[in-house]
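# A closer look at the structure
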Amino acid sequence: MNLEYVDPAVLAELREAVGADDDGASALGRPAVRAFEQRHGVVLPEPYRSFVAEVSDGSKAGPPDYGLVGLEDLPADYGSDGSERDLARPFPLTEPWLWEGEDDEPDEARLRSVFDDGSIVLGTDGCGMNWHLIVTGPHRGHVWMISGEGAMPFGAEFGHTTGEPGFAGWVRHWAAGEEWFDAG
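Let me sum up the structure you'll find in this document. (Residues numbered from 1 in each chain as written. Predicted model: local features only at pLDDT ≥ 70, side-chain atom pairs only at ≥ 80, totals over all residues. Heavy atoms only, no water.)

Turning to the overall build of the protein chain, a few remarks are in order. The secondary structure content of the protein chain amounts to five helices and five strands. Its helices and strands in sequence order give the protein chain the pattern α-α-α-β-α-β-β-β-β-α, from N to C terminus. For the protein chain, the spread of C-alpha atoms along the principal axes amounts to about 50 × 40 × 30 Å. A total of 184 residues make up the protein chain; the buried ones form 50% of that total. Look at the contacts in the protein chain between residues 6 or more apart in sequence, and 59% of them connect residues 24 or more apart. On the protein chain, roughly 8,900 Å² of surface is accessible, and the fraction owed to carbon and sulfur atoms is 49%. Both charge centroids of the protein chain, one from 12 positive and one from 35 negative side chains, sit 10 Å from each other. (Helix = DSSP H or I, 4+ residues; strand = E, 2+ residues; numbered from the N terminus. Buried < 20%, exposed > 50% of the residue type's maximum accessible area, 1.4 Å probe, protein only. Contact = heavy atoms within 4.5 Å. Areas by Shrake-Rupley, 256 points an atom, 1.4 Å probe, with all protein chains shown as cover. Lys, Arg positive; Asp, Glu negative; His and termini not counted. Charge placed at Lys NZ, Arg CZ, Asp CG, Glu CD.)

This is the structure we're talking about:
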């Protein structure tokens, strides 16, 4: 997973997968992406960075099934206005965390950090099940499903799916019509 360079063939594959055929008219452009990064103190991982700059800032076609939200947006079911989000603060997890059903209530500060630190929200599968792209911390470039019950990384290396890790692998998996968590 190369997070610093985008292969033009991968960008073309992503364009086709989401049906972005407007020659970049729905993209943000490099200056807007750099301004976002400066405001938030991050550098977006490739190929997502080039995707929003050159292909499209969001997509109704998906993934996930409700579509990609724009870089500055949050899904309608996010649960907060996002004012507490801090993209520069590292995402706190490196392994799955299922807090639903734990004997003790989860630490509120850690829980808030999982939802709000070091990630952008890519979209929702509804009912508060949101896909995040990690932009800071050890899992930079990985996609995670974060919901009211827990948080889980996407990618075959984590054992829950056959999909490749990262934004491109996540899109490929969706475009192939695979179930998100398809590993037995």
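The antiparallel open sheet is built from five strands, whose spatial order is S1-S5-S4-S3-S2. Every interior strand has two partners, whereas the edge strands, strand S1 (97-98) and strand S2 (119-124), have only one. Packed onto the sheet, helix H5 (residues 166-175) meets S2, strand S3 (130-134) and strand S4 (143-146) and runs at close to 65° relative to S4. (Pairing = 2+ DSSP bridges. Axes fitted to C-alpha atoms, helices over the stretch in contact; angles between N-to-C directions.)

Let's shift gears to the side chain of Glu37. Looking at where Glu37 falls in the secondary structure, it is placed in helix H2 (residues 30-40). Polar contacts involving the side chain of Glu37 include one to the main-chain amide nitrogen of Leu44, which spans 2.8 Å. Look past the residues within four positions of Glu37 in its chain and what remains in contact with it is Val42, Val43, Leu44 and Arg49. (Polar contact = N/O pair within 3.5 Å; in protein donor to acceptor, adjacent residues only side chain to side chain.)

Burial within H5 is extensive, with eight of its ten residues counted as buried. Summarising the contacts, the buried residues of H5 are in contact with helix H1 (8-17), helix H3 (48-55), S2, S3 and S4. Backbone geometry just after H5 places Gly177 at a positive phi near 75°.

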